[in-house]
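# Structural characterization, general
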Amino acid sequence: SGIGGSSNNFRRKPVIIIVVGMAGSGKTTLLHRLVNYTVLSNIRGYVMNLDPAVMTLPYGANIDIRDTVRYKEVMKQFNLGPNGGILTSVNLFATKFDEVISFIEKRADQLDYVLVDTPGQIEIFTWSASGAIITEAFASTFPTVVTYVVDTPRSENPTTFMSNMLYACGILYKTRLPLVLAFNKTDVAQHHFALEWMKDFEAFQAAISSDHSYTSTLTHSLSLVIDEFYNNLRSVGVSAVSGAGVESFFKAIEASAEEFMETY
Ligand code: GDP
Ligand code: MG
């Protein structure tokens, strides 16, 4: 059943989609695409921007961290560099996150999804206390799914691919939330190779054997861990630019939200 088909209807709405991924993977562009899709499909969505340092956004954010914290002033006030300024801004916003949650709760029955954009540098959200606080605040109130955006053309390099998978794996086990891998930029490179590598570790090993920066023993040990990880997620290919795969993306989100409802 889709959204609203469950007996505990209240808890089903809205589904929170936290979008993470390496800088430049296309999080913001993908969010813009998803927002356009929801508007055209009569899906009721909210967008939240948690990147305090973004100059301009291609979408109109319903909740924007920049309305609450001025990142440049935080940098001056606390004598910080850009990364420290971003991190401190997210920390300041996290201290008021209960207000954000109750704001969304009041509108819960008018919303299907809340799309959440995160700072360009991934570790600011995924490995910080405030990122954990924000994620837990969402997941204790609404069904919550993490989307890990992968730059597909760059991941044709097997070392980059494995770096992404290990990062995503860490996020899966840290958050314990359903995870959707979104292989983005399929207009530039299709993600078939990635599916092949995830299905058949020997194919991946063959690809990486030419790269001496990974020792074969490490790669072999990883294969055992990473196989378990692959079994615990959903993957889709998307193009934020062309819009390809957006329907499959929402199907994967639906299935993940179902999984969330069964697990929590
Ligand atoms: P973020 O740092 O993860 O938020 O990444 P952005 O959304 O700012 O995108 C980084 C760059 O990748 C920009 O130049 C985008 O135009 C480009 N980009 C994003 N998605 C796609 C896509 O699906 N296809 C192509 N060809 N480029 C994309
Ligand atoms: Mg961005």
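Worth saying up front: this structure is predicted, and the values here are computed from it rather than measured.

What surrounds ligand 1 is a group of 15 residues, the closest being Lys 27, Thr 28, Thr 29, Asp 187 and Ala 240. Here an oxygen atom of ligand 1 and a side-chain polar atom of Thr 28 are 3.0 Å apart. Between an oxygen atom of ligand 1 and a side-chain N or O atom of Thr 29, the distance comes to 2.5 Å. Surface burial for ligand 1 is 67%, taken as the share of its 580 Å² of free accessible area covered by protein chains. Ranked by residue count, the leading element in the shell around ligand 1 is helix H2 (residues 27–40), at three residues.

On to the packing of helix H9 (residues 158–175) against helix H11 (residues 201–208), then. Axes are the key here: two packed helices are described by the angle between their axes and the distance separating the axes. With their axes 9 Å apart at the nearest point, H9 and H11 run at an angle of 130° to one another. Compared by their axis directions, H9 and H11 come out oblique. Here Pro 158, Thr 159, Phe 161 and Met 162 of H9 come into contact with H11, specifically with Phe 201, Phe 204, Ala 207 and Ile 208. For the contact of H9 with H11, the class distribution of residues is seven nonpolar, one polar and no charged.

What follows concerns the packing of aromatic side chains. Summed over the entire model, instances satisfying the criterion amount to 13 aromatic pairs. On the basis of an interplanar angle of 75° and a centroid distance of 6.0 Å, the ring pair of Phe 93 and Phe 97 is categorised as edge-to-face. Across the pair, exposure class does not vary: Phe 93 and Phe 97 are buried alike. Here Phe 193 and Trp 197 contribute two aromatic rings whose centre-to-centre distance is 5.1 Å and whose plane-to-plane angle is 75°, an arrangement assigned as edge-to-face. Linking Phe 193 with Trp 197, this pair stays in helix H10 (residues 192–199), spanning four residues, or about one helical turn. Accessibility classification places Phe 193 together with Trp 197 in one group, the buried group. One Lys or Arg, Arg 107, reaches over the ring of Phe 103 and ends 3.6 Å from the middle of that ring.

Scoring rules and cut-offs
For every chain, the first residue of the written sequence is number 1, and numbering continues from 1 onward in sequence order. Here chains are named by letter from A upward and ligands by number from 1 upward, in the order in which they appear as written. With the structure being a predicted model, the display of local features is reserved for residues of pLDDT at least 70 and the display and counting of side-chain atom pairs for 80 or more, all residues being used for whole-chain, interface and lining totals. Computation of side-chain values covers all heavy atoms of the structure but excludes hydrogens and water. Note on definitions. A residue lies near a molecule or strand when any single heavy atom of the residue is within 4 Å of it. Here a polar contact is taken to be a pair of N or O atoms separated by no more than 3.5 Å, where protein atoms must pair a possible hydrogen donor with a possible acceptor and residues adjacent in sequence count only if both atoms sit in side chains. The protein chains shown are the only cover counted for residues, whose accessible areas, like all others here, come from Shrake-Rupley with a 1.4 Å probe. Think of it this way: any DSSP run of H or I at least four residues long counts as a helix, any run of E at least two long counts as a strand, and we number them from the N terminus. The axes are straight lines fitted to the C-alpha atoms, using for helices just the contacting stretch, and the angles between their N-to-C directions are given from 0 to 180°. Each angle gets one of four labels, with under 35 degrees taken as roughly parallel, over 145 as roughly antiparallel, 65 to 115 as roughly perpendicular, and the rest as oblique. Only heavy atoms enter the contact rule, under which two residues are in contact if any of them lie within 4.5 Å. The classification used treats Ala, Val, Leu, Ile, Met, Phe, Trp, Tyr, Cys and Pro as nonpolar, Asp, Glu, Lys and Arg as charged, and all other residues, Gly among them, as polar. Two rings from Phe, Tyr or Trp (for Trp, the six-membered ring) form a pair when their centres sit within 6.5 Å of each other. Planes less than 30 degrees apart are called stacked, planes more than 60 degrees apart edge-to-face, and all others tilted. For every residue, the accessible area obtained with a 1.4 Å probe (protein chains only) is divided by the maximum for its type, and the residue is called buried under 20%, exposed over 50%, and partly exposed between those limits. Counted as over-ring charges are cases with an Arg CZ or a Lys NZ within 6 Å of the ring centre that also lie within 35 degrees of the ring normal.

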